[in-house]
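Coordinate analysis (summary)
Chain by chain, the residues:
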Amino acid sequence: ARERAKRDAVTEALPDDALSRLRNRKIGFVFQAFHLIPQLSVQENVEVPLVYAGVPRERRGDQAREVLERVGLGRRRAHRPSELSGGECQRVAIARALVGGPEILLAAEQHILGREQRPAVMADAAIQIAGVASARPKTISMAEDKSGAK
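What counts, and where the lines are drawn
- Residues numbered from 1 in each chain as written.
- Predicted model: local features only at pLDDT ≥ 70, side-chain atom pairs only at ≥ 80, totals over all residues.
- Heavy atoms only, no water.
- Helix = DSSP H or I, 4+ residues; strand = E, 2+ residues; numbered from the N terminus.
- Buried < 20%, exposed > 50% of the residue type's maximum accessible area, 1.4 Å probe, protein only.
- Contact = heavy atoms within 4.5 Å.
- Core = buried A, V, L, I, M, F, W, Y, C linked by side-chain atoms within 4.5 Å.
- Polar contact = N/O pair within 3.5 Å; in protein donor to acceptor, adjacent residues only side chain to side chain.
- pLDDT = per-residue confidence, 0-100.
- Axes fitted to C-alpha atoms, helices over the stretch in contact; angles between N-to-C directions.
- Parallel < 35°, antiparallel > 145°, perpendicular 65-115°, else oblique.
- Left-handed = near helix turned anticlockwise from the far one by under 90°.
- Nonpolar A, V, L, I, M, F, W, Y, C, P; charged D, E, K, R; others polar.

1. Some thoughts on the side chain of E47
If you trace the backbone, E47 turns up in helix α3 (residues 42–52). Judged by relative accessible area, E47 falls into the buried class, the value being 11%. E47 has contacts with R60, G61 and A64, leaving out every residue within four places of it along the chain.

2. Considerations on the environment of S20
Tracing the sequence through the fold places S20 in helix α2 (residues 16–26). Overall, S20 belongs to the partly exposed group, its relative accessible area being 38%. A sequence separation of 32 residues divides S20 from Y52, and the C-alpha atoms of the two residues are 9.2 Å apart.

3. A few points about the nonpolar core
Core analysis: the biggest nonpolar cluster contains 23 residues, and V30, V46, V67, L68, V92 and A95 have the highest contact counts within it. Secondary structure elements with two or more residues in this core: α3, α4 (57–70), α5 (86–98) and β2 (104–108). At 7 residues, the largest contribution of residues to this core is made by α5.

4. A short note on the side chain of E88
As for its position among the elements, E88 is in helix α5. Using a relative accessible area of 14% as the deciding quantity, one classes E88 as buried. A distance of 2.9 Å separates a polar atom in the side chain of E88 from the backbone nitrogen of S85. With near-sequence residues (within four places) excluded, E88 lies in contact with L73 and R76.

5. With respect to the confidence of the model for the protein
Within the protein, residue pLDDT values average 77, and 63% of them lie at 70 or more. Taking the mean pLDDT of every element in the protein, the minimum, 52, falls on helix α6 (residues 109–113) and the maximum, 95, on α3. In this model residues 113–118 is a low-confidence stretch, pLDDT under 50, and it forms 12 contacts with partners more than four residues away in sequence or in other chains.

6. Some remarks on the packing of α3 against α4
Here α3 crosses α4 at 125°, and the two axes come no closer than 9 Å. Comparing the axis directions of α3 and α4 gives the class oblique. Of the two elements, α3 crosses α4, and the hand of that crossing is right-handed. On the side of α3, the interface is formed by V42, Q43, V46, E47, L50 and V51, while α4 contributes R60, G61, Q63, A64, R65, V67 and L68. Of the residues that constitute the contact of α3 with α4, the class distribution is 7 nonpolar, 3 polar and 3 charged.

So this is what it looks like as structure tokens:
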């Protein structure tokens, strides 16, 4: 509890831009609504966190292509989100969350798992997600919104 209080005090003291950098470099997010940018290609959507991290363009492209291959979307990199199935959009969101090699992955589990909620299935999904990442997250947290909010 004491260590957590120290960490909370440190993060509360950080300015917004420093908190944004911390989130960008340490945490990958798979949102309930995938939040893909419709005007960007699949590859460009995956590169977005790397742009904010200041990764050079060529390296961004290489990293995005690698993670898209790992989620089975290498051939769909030039497509727009509107040209993809729901499952493909889900994989783009996962690729975007993993491309920067985050230490922590936060995911809305109903989009990772569908409607299945058994702990064993959640554990299997977490292992599969970690298998996609070249630098595996140390922590994977899946949460369910039981309020019915979208």
